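# Analysis of the macromolecular model
For reference, the chains in residue letters:
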Amino acid sequence: MLDTFVSKFTDKKIKFIKIGIRYFLDNKELEKNRLDVKEKFFGLLLGHDEEVDKFTPSFGLLDLLSKMSNEKIFVKDIGEMDFLYGKHLRVRHVLRIEGEKKIGFLKLVQNEHDENIGYGKYVGEEGKIQVLKHRMDRGIFLKRDKEKVMH
Amino acid sequence: MFKARYKEMGGDLKVVKLNRCIRVNTKKISPDGLKARLEKRRVVLEKVPFLKNAFYIKSSKFNLVSCPEYLLGLFYIQEAATQVPAEIMSPKGLVLDACAAPGGKTTQLAEYCDVIAVDNKADRLSILENNLERLGVDNCIAYLIDFRSVQNKFNYILLDAPCSGNFMLENNWLRKNNLKRVEERSELQKELIGHAISLLNKDGVLVYSTCSLEPEEDEFVIQFALDNFDVKLEKINCIGDDGLTNIFGKNLDPSMKFCKRFWPHKTNTIGFFIARLRKC
């Protein structure tokens, strides 16, 4: 399922290893360090399969894709904050759009420093207020921090 | 009871107000680069004089964990004393982080070299994994195992041992702790340090640290290591008082002065102890 997700951004392949439901970047150098027991986490996490037929990318994968693909939307500071709060992107948020402008296609969301903050689905801009439907953003780390501290 | 003990050690049971501290994730950004970005958000920073890549937060109008720079993994909120072990180790090759979660020191070590991180608590390891992802660490392998089951050899090991903590970490620490608990921790720490030394290659370096100020968990554990294994203490160049060489009627190895103990009222950090050992 990782391959399918990656193919939405680039024709290039990403080599991976799978541990349980999680995908990690293949890394031969790091592999030399392995202990003789099953690891929980190996190098760069790329994502995981959900119970249903769904793949959830990691932010490591989105970072990687942002260096391999030009399917990106660059946002202003205000757009960055709003997107990190889970909001959809609007015309006023956007600095520029790169790659194909096909409705329904996935786009990586980059801040002014070309750092990836998440991704979403492009819904067009001509005469429309909304540009991109929010799918996933780095604000999730805040939520995860809170959940893990509460436990 | 603790107050009298601390007095005998030349310390004090004085709670101080700590400055919040962040460590720059140099895998992603330079200290100057982060400083400029946070200052643009009107966060006032001050360089921590005894650390390479850390700033005190002097003032901020918002909670730092909600700013994009935190979510992007450009920094880690990490108390100043706890950043010292990785800095004084400065590993040149693969390092074993023996009690790794929640991952402050692990992610710091990963800026130097590849890291094997082990921890035996699933909930804590998942916090570590979250931190690895947020900070974009790509050179760490994490295991949910008891460190005592590791058999591989290493040139560098960090043992930030489970300890009783100190009065700066929780309000009711004095009520919750007693000498029995300290002694129990001490026994576990001796077991852990013994195993860590057994995994070290010749000339390998072990950095031992705790956030306890009790000699039973600090100097006495190091004395146990010196008495029972072929290791020697190395001088540490950092802040803090020298390790105790004579305490509670016990004469300890003179090289114990190479260890460092951080008294909160002197270092403006949490209570902390650190030792650097080399296998002979």
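Residues numbered from 1 in each chain as written. Chains lettered and ligands numbered in written order. Predicted model: local features only at pLDDT ≥ 70, side-chain atom pairs only at ≥ 80, totals over all residues. Heavy atoms only, no water.

## Details of the overall build of chain B
Looking only at helices and strands, one finds 10 helices and 15 strands in chain B. For 280 residues, the compact-globule estimate of 2.2 N^0.38 gives 19 Å, and chain B sits close to it at 18 Å. The proportion of buried residues among the 280 residues of chain B is 60%. In chain B, of all internal contacts separated by at least 6 residues, the share reaching a separation of at least 24 is 71%. (Helix = DSSP H or I, 4+ residues; strand = E, 2+ residues; numbered from the N terminus. Rg over C-alpha atoms; globule rule 2.2 N^0.38 Å. Buried < 20%, exposed > 50% of the residue type's maximum accessible area, 1.4 Å probe, protein only. Contact = heavy atoms within 4.5 Å.)

## So, the environment of Ile127 of chain B
Relative to the assigned elements, Ile127 of chain B resides in helix H6 (residues 122-134). C-alpha separation for the pair Ile127 of chain B and Gly103 of chain B, spaced 24 residues apart in sequence, amounts to 7.6 Å.

## Side note on the interface of chain A and chain B
If you look at the interface, chain A gives 35 residues, while chain B gives 35 residues. For the pair chain A and chain B, the two sides together bury roughly 3000 Å², of which 58% comes from carbon and sulfur. The interface formed by chain A and chain B contains six salt bridges. Where Arg37 of chain B meets Glu115 of chain A, a salt bridge forms, and the shortest distance between an N and an O atom there is 2.8 Å. Inspection of the chain A/chain B interface yields 11 residue pairs in polar contact (both at pLDDT 80 or more). Within the residue set of the side of chain A that touches chain B, elements represented by two or more residues are strand S3 (41-42), helix H3 (59-68), helix H4 (77-84), strand S10 (116-122) and helix H5 (140-150) of chain A. A total of five residues in the side of chain A that touches chain B trace back to one element, the largest contributor, which is H5 of chain A. (Buried area = accessible area lost by both parts, 1.4 Å probe. Salt bridge = Lys/Arg side-chain N within 4 Å of Asp/Glu carboxyl O. Polar contact = N/O pair within 3.5 Å; in protein donor to acceptor, adjacent residues only side chain to side chain.)

## Looking at the pattern of salt bridges
Applying the stated criterion across every chain, the model contains 37 salt bridges over all chains. Glu129 of chain B serves as the salt-bridge partner of Lys40 of chain A, at 3.9 Å between the closest nitrogen and oxygen. Remark: Glu129 of chain B occurs in helix H6 and Lys40 of chain A occurs in the loop between helix H2 (28-31) and S3; the pair is interchain, linking two chains. Judged by its relative accessible area of 32%, Lys40 of chain A is partly exposed. A relative accessible area of 7% means that Glu129 of chain B is categorised as buried.

## Thoughts on the packing of helix H8 (residues 179-199) of chain B against helix H9 (residues 219-228) of chain B
Residue and element names in this part refer to chain B. It is at 10 Å that the axes of H8 and H9 come closest, and there the two elements cross at 40°. Classified by the angle between their axes, H8 and H9 sit oblique to one another. Handedness of the H8/H9 crossing: right-handed. Note on element contacts: H9 touches H8 through Phe220, Val221, Ile222, Phe224 and Ala225, opposite Ser186, Gln189, Lys190, Ile193 and Ile197. The residue inventory of the contact of H8 with H9, partitioned by class, reads seven nonpolar, two polar and one charged. (Axes fitted to C-alpha atoms, helices over the stretch in contact; angles between N-to-C directions. Parallel < 35°, antiparallel > 145°, perpendicular 65-115°, else oblique. Left-handed = near helix turned anticlockwise from the far one by under 90°. Nonpolar A, V, L, I, M, F, W, Y, C, P; charged D, E, K, R; others polar.)

## Some thoughts on the side chain of Thr269 of chain B
Residue and element names in this part refer to chain B. As for its placement among the helices and strands, Thr269 is situated in the loop between helix H10 (264-267) and strand S15 (272-279). Residue class for Thr269 comes out buried when judged on its relative accessible area of 0%. Here the side chain of Thr269 touches Thr267 through a polar contact of 2.7 Å, side chain to side chain. With residues up to four places along the chain from it excluded, the contact list for Thr269 reads Leu18, Phe50, Glu79, Ala80, Ala81, Met168, Phe262 and Pro264.

## Considering the nonpolar core
Phe147, Leu159, Ile193 and Ile222 of chain B are the most contacted members of the largest nonpolar core, which has 95 residues in total. Looking at this core element by element, the count peaks at six residues for H8 of chain B. Core analysis: the second largest hydrophobic core is formed by 48 residues, Phe83, Tyr119 and Tyr122 of chain A together with Ile29 of chain B among them. (Core = buried A, V, L, I, M, F, W, Y, C linked by side-chain atoms within 4.5 Å.)

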